[in-house]
Amino acid sequence: MTANVSLQALSHNFGEFQALDDINLEFAAGEFVVLLGPSGCGKSTLLFILGGFLTPTEGQVWIGGQDMSRVAAKDRPTTTMFQDYALFPHMTLRDNVGFGLRMRGQGKAKRNAKADEMLDLVGLLDKAGRKPHELSGGQRQRVALARALAVEPEVLLLDEPLGALDLKLRRQMQEELKIIQRKVGTTFVHVTHDQEEAMAIADRIAVMNAGKVEHAGSPEEVYLRPKTLFSANFMGDLNILPEAQVGRAAGAGMVYAARPENIGLAGEISLGDARLTEASFFGTYHRCHFQSVEQGGQTYIAHLPIGALPQQGEALPLFASSPMTLKADV
Amino acid sequence: MTMEQQERRRSFSFAVPALIWTCAFFVVPFLVMLVLSLAHLEGRQIVQDYDLGNYVKIFTEPSLFKGIMVSLEITITVTILSVLLAWPLAWIIATQVPERYQRLAIMLAVLPFWTSYVVRSYAWALVLGQNGVLMQGLIAIGILDEPVQIMATRAATVIGFVHFFVMLLTLTIYSNLIQLSPNYARAAADLGASGWNTFRLVILPLTLPGIMTGAFLTFVLCIGDYITPQILGGNNELSMPQLIMLQLGRRGDFPMASALSVVLMVIVTLAYAASARWLKMERV
Amino acid sequence: MRTLGWLYMAAIFVFIFLPVVVLVLFSFQDSRLPVPPFDGPTLKWYAQVLADRGMMEALRNSLVVAVVSSAVALLLGFFAAQGLARVRLPGSALMRGLLIAPMTVSYLIIALGLLTVFNNLGFRPSLWATGIGHVVISLPLCFAILFAAMGDHQKNAERAARDLGASDLQVLFLVTAPMLKPALLAAFFLSVTFSWDEFIIAFLLTRFDVTLPVEIWSMLRSGLSPATNAIGSLVFLVSIVILILLELTVFRKSKT
């Protein structure tokens, strides 16, 4: 089961505070969408509106071609995987996963069969009779996923589900989430503040800031051709290039910028001489800090290939290639 | 001696004074009572012939056995009524009252805690009496033609107890409720549960620790209380604490009073065993 | 649904406050019976109670017993919690259980046990005997509150202090106690209220130097009187004032 999602002119206020400001987004059916942004940017509010836990102050939510803006959570074709998982501690895993089917009036044999099938999907069938407190964090996360998927939602909403896991487990779960999403085909809307996580799993990323969508597109677009300085910065390290070095004006309210991997010892734009102040080894590249010789306040971060590391304190000509033109923050 | 052993010894020495105090003034007196309950009163003398005579008497003599039943009936009624009244109140405060007024609402809900226990029972006597506020009020608005006898009946005892324990249970259930993630209710609704099913299958089971902790405390305090039944219930039917005081006061029958106390302790222990799996006494 | 909720809350609040309101209102009653119709207000019953020497002495006795027994219970409970929370001792669960056990036993039984033992020892009923009984009921309370408040956070700070050369007692009074200040205060004041309000132990274990609840009890035996309302209202007023002061000072601070 899968459906497309359309958010139209969505705004939400908490009292005086405007949490969401005129959001317009379209997600295709079966897409893995990531809402990415710093805490307080409104991404969780947006997810709660999608799930039916908040009624938007203005605007509409369409799911599968139907207006769901005023439909209660229990009647929506969405399910949510909560940040704290909200597994019912007094029920076994099987009863947790079968809960939604029980609410839909399915008999015990039928819903247990489905629950076992879902637990098998997430690799926990052998623990079906256990209670949630007997599981590790990663296992609970899988049960929450199984429970949300058991009712075959058209859209699955995931509220920072990997936030509580350690780094290694998080990377592993990201891959698993992606595989499961491909298998079930449901539209996933996943909220996170971790840009690496977003890049690893998303078909589409919507970068949010202060209640607005800064940029929505594929991971490549968002990383390589960001629209705004904010989203470019949020997706990774960034060097602001002085207009004088690029040789032409960027335009009103615009700036030039380049990623560290586009700064090097050769390229189309000369940045003048710069001195290496600090370097660290990252396995596949050297991460180097340079200070411009002519303009002392100007610094650059460059990723230099292995073996191309200059001497500490050495000054040498630095170049940039394929600069981005970005809308500056207001 | 290893470092760990030294540390343990030092640590244990800190706990010794409290342990001695508890043993000397709690465990030993109880053991003395246990022994004394096997003795008899003859005339005004305590005869140290140890047998189970007092216990046999408690369970065979109607006036004594009835005390156990009266106490159990009152206590169970009070516990159930208090839970039924307190749960909705705790829930309303935890979910309907705006967060910044919740502390105030809870403080108000337990404000009469801070009147003296004796005085509170006396105040109920004022309210429930023949010419008290309640009867006079009901007559004034035409619901009753003449006062109904509530004072000096079991109803008065139950009302006085329920008043106190509703406050207690509201506290334990409320503190349980606010510790629950709001996502439990959301998850249940999200998976299609109606309001009733969310309550019955998710929220109620999740508040069982709060309910059982409060209910156990209610049970213990209620079954062992002398003041409320004495002031409000009168002497028509005697609860166990009233019987114990009667043995002491009128006849100086310490052995029988001790035996009744032991029976009371056994009942409380059974109640504890029945509710133990939900209790977190150390966190009360 | 929402209105129904508010109505329910209002009804329960009426039930909860009814006796208190009646108590306070009829303490201002002019005639000799605290029942309707109300014919006050007058302050004469307050004047009578405050001039009653027996009552004032009982008040003083109650205060002394409450403060002293709570202080002893707090000290014992603090040491015990410290000892049992720091290291896992063999049988520590049993010791915890023993220390908490009096909480689950009727005060009547505790009083009866103490009375029996004191009688056998020839120790006369007195304020001291009552104080001992009140420590028995306050100790589990203090212990449980303090034990629950001692966390890993605490243990690491204590380890750091010992590492820097503090002795056991220095650790206890310079590090542990200040860190546990809210819990210590809560335990102390809760003990004070329990002791202050306790009837049956004081009733069985005192003879002449009675406490306030016992004095009020003997007043009740002579029937209903606005004077009882007056002393009840005074006790209530004092408790509320202390409660508000605590709320505004200690607990307001500890929350932030």
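Keep in mind the model is a prediction, meaning the values are calculated, not measured. (Residues numbered from 1 in each chain as written. Chains lettered and ligands numbered in written order. Predicted model: local features only at pLDDT ≥ 70, side-chain atom pairs only at ≥ 80, totals over all residues. Heavy atoms only, no water.)

### So, the nonpolar core
- Ranked by size, the top nonpolar core spans 190 residues in total, and within it A:Phe99 and B:Val202 carry the most contacts.
- Apart from residues lying up to four places away in sequence, A:Phe99 is in contact with A:Phe88, A:Met91, B:Ala188, B:Leu191, B:Ala193, B:Leu201 and B:Val202. (Core = buried A, V, L, I, M, F, W, Y, C linked by side-chain atoms within 4.5 Å. Buried < 20%, exposed > 50% of the residue type's maximum accessible area, 1.4 Å probe, protein only. Contact = heavy atoms within 4.5 Å.)

### Considerations on the sheet that holds strand β11 (residues 239–241) of chain A
Residue and element names in this part refer to chain A.
- Reading across from one edge, β11-β12-β18 is the order of the 3 strands in this open sheet, with antiparallel pairing throughout. With partners counted over all chains shown, the strands left at the sheet margins are β11 and β18 (324–327), one partner each. Strand-to-strand twist of the sheet, defined as the mean angle between neighbouring strand axes without regard to direction, takes the value 50 degrees.
- In this sheet, β18 lies alongside strand β12 (residues 254–258) in antiparallel orientation, the contact comprising 4 bridges. Residue pairing for β18: alanine 257 is matched across the bridge by methionine 324. (Pairing = 2+ DSSP bridges. Helix = DSSP H or I, 4+ residues; strand = E, 2+ residues; numbered from the N terminus. Axes fitted to C-alpha atoms, helices over the stretch in contact; angles between N-to-C directions.)

### Digging into the domain arrangement of chain A
Residues and elements named next belong to chain A.
- Examined at the domain level, chain A breaks down into domain 1 (5–230) and domain 2 (237–327).
- On a C-alpha basis, the centres of domain 1 and domain 2 stand 39 Å from each other.
- Taken together, the two surfaces of domain 1 and domain 2 that pack against each other cover about 640 Å², and 57% of this comes from carbon and sulfur.
- At the junction of domain 1 with domain 2, the criterion picks out 0 salt bridges.
- Where domain 1 touches domain 2, the interface holds 4 residue pairs in polar contact (both at pLDDT 80 or more). (Domains from an automatic or database assignment. Buried area = accessible area lost by both parts, 1.4 Å probe. Salt bridge = Lys/Arg side-chain N within 4 Å of Asp/Glu carboxyl O. Polar contact = N/O pair within 3.5 Å; in protein donor to acceptor, adjacent residues only side chain to side chain.)

### Let's talk about the interface of chain B and chain C
- Each partner contributes residues to the interface: chain B has 76 residues there, and chain C has 86 residues.
- Here chain B meets chain C over a buried area of about 7,500 Å², counting both sides, of which 81% is carbon and sulfur.
- Interface area lost by chain B to chain C is led by B:Phe14, B:Trp114 and B:Tyr122, which between them contribute 11%.
- Run the count over chain B and chain C and you get 1 salt bridge.
- When the shortest N-O distance is used, the salt bridge between C:Asp168 and B:Arg10 registers 3.2 Å.
- Our count for the chain B to chain C interface comes out at 10 residue pairs in polar contact (both at pLDDT 80 or more).
- Among the elements that line the side of chain B that touches chain C, the one with the most residues is helix α1 (residues 3–36) of chain B, at 21 residues.
- When its residues are assigned to classes, the side of chain B that touches chain C shows 58 nonpolar, 13 polar and 5 charged. (Nonpolar A, V, L, I, M, F, W, Y, C, P; charged D, E, K, R; others polar.)

### Description of the packing of aromatic side chains
- Within the structure shown, the criterion is met by 29 aromatic pairs over all chains.
- Grouped by ring-pair contacts, the aromatic residues B:Phe113, B:Tyr117, B:Phe161, B:Phe164 and B:Phe165 constitute a single cluster.
- Stacked on the ring of A:Phe88, the Lys or Arg A:Arg147 has its end atom at 4.6 Å from the ring centre.
- When the ring centre of A:Tyr223 is taken as reference, the NZ or CZ atom of A:Arg259 above it lies at 4.2 Å. (Phe/Tyr/Trp six-rings, centres within 6.5 Å; stacked < 30°, edge-to-face > 60°. Lys NZ or Arg CZ within 6 Å of the ring centre and 35° of its normal.)

### Section: unusual backbone geometry
- Cis peptide bonds are those with omega within 30 degrees of zero, and the linkage from C:Pro36 to C:Pro37 qualifies with 0 degrees.
- With respect to the secondary-structure elements, C:Pro37 resides in the loop between α1 (2–25) and α2 (44–51).
- For A:Ala9, which is not glycine, the phi dihedral falls at a positive 50 degrees.
- Mapping A:Ala9 onto the fold places it in strand β1 (residues 5–14).
- Assessed through its relative accessible area of 36%, A:Ala9 is described here as partly exposed.
- Even without being glycine, A:Ala86 reaches a positive phi, approximately 50 degrees.
- Relative to the assigned elements, A:Ala86 resides in the loop between β6 (78–81) and α2 (93–103).
- Relative accessible area serves as the criterion here: at 1%, A:Ala86 is assigned to the buried category.

### A few points about the domain arrangement of chain C
- In terms of domains, chain C is made up of domain 1 (1–42 + 222–256) and domain 2 (61–213).
- Averaged C-alpha coordinates put domain 1 of chain C and domain 2 of chain C at centres separated by 30 Å.

### Observations concerning the arrangement of the chains
- Counting contacts across all 2 pairs of chains found in contact, the highest total belongs to chains B and C.
- There is a gap between chain A and chain C: no contact, and a shortest C-alpha distance of 17 Å.

### Quick word on the interface of chain B and chain A
- Every contact between the two is made by 17 residues of chain B and, on the other side, 24 residues of chain A.
- Of the roughly 1,700 Å² buried between chain B and chain A on both sides combined, carbon and sulfur atoms contribute 68%.
- In terms of surface lost to chain A, no three residues of chain B exceed B:Asp190, B:Leu191 and B:Leu201, which account for 40% of the buried area on that side.
- At the junction of chain B and chain A, the tally comes to 0 salt bridges.
- Scanning the region where chain B abuts chain A turns up 6 residue pairs in polar contact (both at pLDDT 80 or more).

### Comments concerning the packing of helix α2 (residues 53–60) of chain B against helix α3 (residues 62–95) of chain B
All names here are of chain B.
- Relative orientation of the contacting elements α2 and α3 amounts to 75 degrees, with a least axis distance of 5 Å. By the criterion of interaxial angle, the relationship of α2 to α3 is roughly perpendicular. Of α3, the residues touching α2 (which contributes Lys57, Ile58, Phe59 and Thr60) are Pro62, Leu64, Phe65 and Ile68.
- Its residues assigned to classes, the contact of α2 with α3 comprises 6 nonpolar, 1 polar and 1 charged. (Parallel < 35°, antiparallel > 145°, perpendicular 65-115°, else oblique.)

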